[in-house]
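Listed here are the chains, written in short residue letters.
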Amino acid sequence: MSQPKPLYLFANWKMYLDHAGSLALAKALAADTANIPPGGTVVVFPSALALPGVVDILASTPIAVGAQHGHWVAEGGYTGAVSMEMFRRAGAQFVLVGHSERRHLFHETNHEVRLQVEAALGAGLTPVLCMGETKAERERGDTPEVIETQLRSALQTLAWPGGVPLIIAYEPVWAISRGRDKLGLPCSGVTAEKMHELIVRLVAGLLPGVAPLTLFGGSVRAETVREYVKQPHVDGVLVGAASTQLASWQGIITNLY
Ligand code: PGA
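The structure reproduced in this document is the subject of the present report. Everything numeric here is computed off the predicted structure, so don't read it as measured data.

1. As for the pattern of salt bridges
Piece 1. Within this structure, the stated rule accounts for ten salt bridges.
Piece 2. One salt bridge in this structure joins Glu-101 and Lys-14, with 2.8 Å as the shortest N-O distance. In this pair, Glu-101 sits in helix α4 (residues 100-105) while Lys-14 sits in the loop between β1 (8-12) and α1 (19-30), placing the two residues 87 residues apart along the sequence.
Piece 3. Take Lys-14: its relative accessible area is 13%, and that puts it in the buried class.
Piece 4. A salt bridge links Asp-142 to Arg-140; its shortest N-O distance comes to 3.0 Å.
Piece 5. Where salt bridges share partners, they join Glu-85, Arg-88 and Arg-89 into one cluster.

Laid out in structure tokens, this is it:
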């Protein structure tokens, strides 16, 4: 029997956990690394506030840490912002870029997403480029164009550095949870697969020779994770609400295959 494919399991803690809650979950994860699947890559994305503490706790484990958002300027008069460079110095290795909550709630534009991709790479962080269409865009039949625009503006003419994986998270906005108990609309594995295939095809045109890793995000739970990761073009999942409590995260990790 062939080996199962190595999976990317990313936990976006969003603003669900305060400082103490983040450190407590990080400690629980550090004590429970045995069930990470062979070859699996686990990354947690705590708040900026908790990130240094989480980095310390996870330092001797296989779990890496990423920032949820970083500013593209390295330092200066940008009240409230934390730069990519500062996150890298604090021990982050990854950063989410273009998450739909940043795009829609904080009005980040495709241009700002592009600046973040460039700044992340410049700072030595691996960006996780998030994208997805809204319900209205899907209903209008605009999904492929929306995805193409988000991809093109973020990646076109970029000299992608060798040795850095290009990680793209497809997260249809309509499928994302609105709270721990409020799931988004269901996205089938078949729909996710079609979108991931499209993303891989579009990237081949934009950055020839760079093969992206694609993660699915949107109300992933223990009961649904396998439906996504069994799809040929899905390399893993970006999990929000269900990654913020030990039991639901463990449920996802143990239900992968
Ligand atoms: P969710 O979030 O799992 O809570 O739907 C996913 C995401 O937005 O990254």
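2. Overview of the site of the ligand
Piece 1. Residues in close proximity to the ligand include Asn-12, Lys-14, His-99, Glu-171, Ile-176, Ser-177, Gly-218, Ser-219, Leu-238, Val-239, Gly-240 and Ala-241, which together make up its full environment.
Piece 2. A distance of 2.8 Å separates an oxygen atom of the ligand from a polar side-chain atom of Lys-14.
Piece 3. Contacts to the ligand include Gly-240, whose backbone N or O atom sits 2.8 Å from an oxygen atom.
Piece 4. Surface burial for the ligand is 100%, taken as the share of its 280 Å² of free accessible area covered by protein chains.
Piece 5. Its residues assigned to classes, the shell around the ligand shows four nonpolar, six polar and two charged.

3. Observations concerning the packing of aromatic side chains
Piece 1. As enumerated under the stated definition, the model contains five aromatic pairs in all.
Piece 2. Taken together, a centroid distance of 6.4 Å and an interplanar angle of 75° make the contact between Tyr-8 and Phe-10 edge-to-face.
Piece 3. Owing to a relative accessible area of 0%, Phe-10 belongs among the buried residues under this scheme.
Piece 4. Taking the centre distance of 5.7 Å and the plane angle of 65° together, the rings of Phe-10 and Phe-94 count as edge-to-face. Pair noted here: Phe-10 is in strand β1 and Phe-94 is in strand β4 (residues 94-97), with a separation of 84 residues, a long-range link.
Piece 5. For Phe-94, a relative accessible area of 11% gives the class buried.
Piece 6. An aromatic cluster of at least three residues, connected via ring pairs, comprises Tyr-8, Phe-10, Phe-45 and Phe-94.
Piece 7. Just above the ring of Phe-106 sits the side chain of Arg-102; from NZ or CZ to the centre is 4.0 Å.

The rules behind each value
Residues numbered from 1 in each chain as written. Predicted model: local features only at pLDDT ≥ 70, side-chain atom pairs only at ≥ 80, totals over all residues. Heavy atoms only, no water. Salt bridge = Lys/Arg side-chain N within 4 Å of Asp/Glu carboxyl O. Helix = DSSP H or I, 4+ residues; strand = E, 2+ residues; numbered from the N terminus. Buried < 20%, exposed > 50% of the residue type's maximum accessible area, 1.4 Å probe, protein only. Near = heavy atom within 4 Å. Polar contact = N/O pair within 3.5 Å; in protein donor to acceptor, adjacent residues only side chain to side chain. Areas by Shrake-Rupley, 256 points an atom, 1.4 Å probe, with all protein chains shown as cover. Nonpolar A, V, L, I, M, F, W, Y, C, P; charged D, E, K, R; others polar. Phe/Tyr/Trp six-rings, centres within 6.5 Å; stacked < 30°, edge-to-face > 60°. Lys NZ or Arg CZ within 6 Å of the ring centre and 35° of its normal.

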